[in-house]
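Okay, here's what each chain looks like letter by letter:
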Amino acid sequence: MGQRKYLEAISSNTITVGVGPAGTGKTYIASGLIYDAIKVGKKAYMISMEDILTCLRTKDMSISALTTYNKWLKADLLAIDDIMLFPVKKEEAASFFNLINSLHEKTSIIITTNKAPTEWAHTLNDEVLATAIIDRLLYRCEVIKLAGTSYRLENRKTIFSS
């Protein structure tokens, strides 16, 4: 999907899921789309799953976390990086579902993940909750599968001479 076409699609509350191994460009593509959205005046944010979980844990105790949460709810585009990379506690998973449910059909979402959605139930340790999240995310969704070897590993530099 071209960047211009994607920017036009933001107003239709689409979801894009980038799936692939580490280092294949998922975060790079997502951050580029966020950058382009901001340049045309959209409210767009790039956040890691870990930052989302931290905000969800603290939003009832911290004004800054609540402000951040409310900012996400008003976003035109939200990119969530490395979703389901690490195990998620049950109460955090429920809070994450509530966020996704609030954004559903109101905000365009980009997700980057190393795991196929079918593996999310194991990460959440709750098949019903994982199915509910997947159901909302895959409703209006484009899945982009990236493959290949890690760009970072292919282009790594060493401090030791060979």
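Residues numbered from 1 in each chain as written. Predicted model: local features only at pLDDT ≥ 70, side-chain atom pairs only at ≥ 80, totals over all residues. Heavy atoms only, no water.

1. Comments concerning the overall build of the chain
So the rule is basically this: Numbering of helices and strands runs from the N terminus; a helix is a DSSP stretch of H or I covering at least four residues, while a strand is a stretch of E covering at least two. Each residue gets one of three labels from its accessible area relative to the maximum for its type: buried under 20%, exposed over 50%, partly exposed in between, using a 1.4 Å probe on protein chains only. We call two residues in contact when some of their heavy atoms are within 4.5 Å.
A tally of helices and strands in the chain yields 8 helices and 5 strands. Written out in order from the N terminus, the α and β elements of the chain read α-β-α-β-α-α-β-α-β-α-α-β-α. Residues counted as buried form 40% of the 162 residues belonging to the chain. Counting contacts in the chain only where the partners sit at least 6 residues apart, residues at least 24 apart contribute 81% of the total.

2. Some remarks on the confidence of the model for the chain
Cut-off, in case you're wondering: Per-residue confidence from the predictor is given as pLDDT, running between 0 and 100.
On average, residues of the chain score 83 in pLDDT, and 81% of them reach the 70 mark or higher. At the level of individual helices and strands, the chain shows its lowest average pLDDT in helix α1 (residues 3–9), which scores 57, and its highest in helix α4 (residues 63–73), which scores 97.

3. Here we look at α4
Stated formally: Think of the arc as the fan of directions from the helix axis to the C-beta atoms.
Regarding α4, the residues found buried are Ala-65, Tyr-69 and Trp-72. Looking straight down α4, one finds its buried side chains confined to an arc of 60°; they lie on one side. Looking at α4, the residues exposed on the side facing more than 90 degrees away from the buried face are Ile-63 and Ser-64. For α4, the secondary structure elements touched by its buried residues are β2 (44–48), α3 (49–58), β3 (77–81) and α5 (90–103).

4. As for the environment of Ile-83
As for its placement among the helices and strands, Ile-83 is situated in the loop between β3 and α5. With residues up to four places along the chain from it excluded, the contact list for Ile-83 reads Met-49, Phe-96, Ile-111, Thr-112, Thr-113 and Trp-120.

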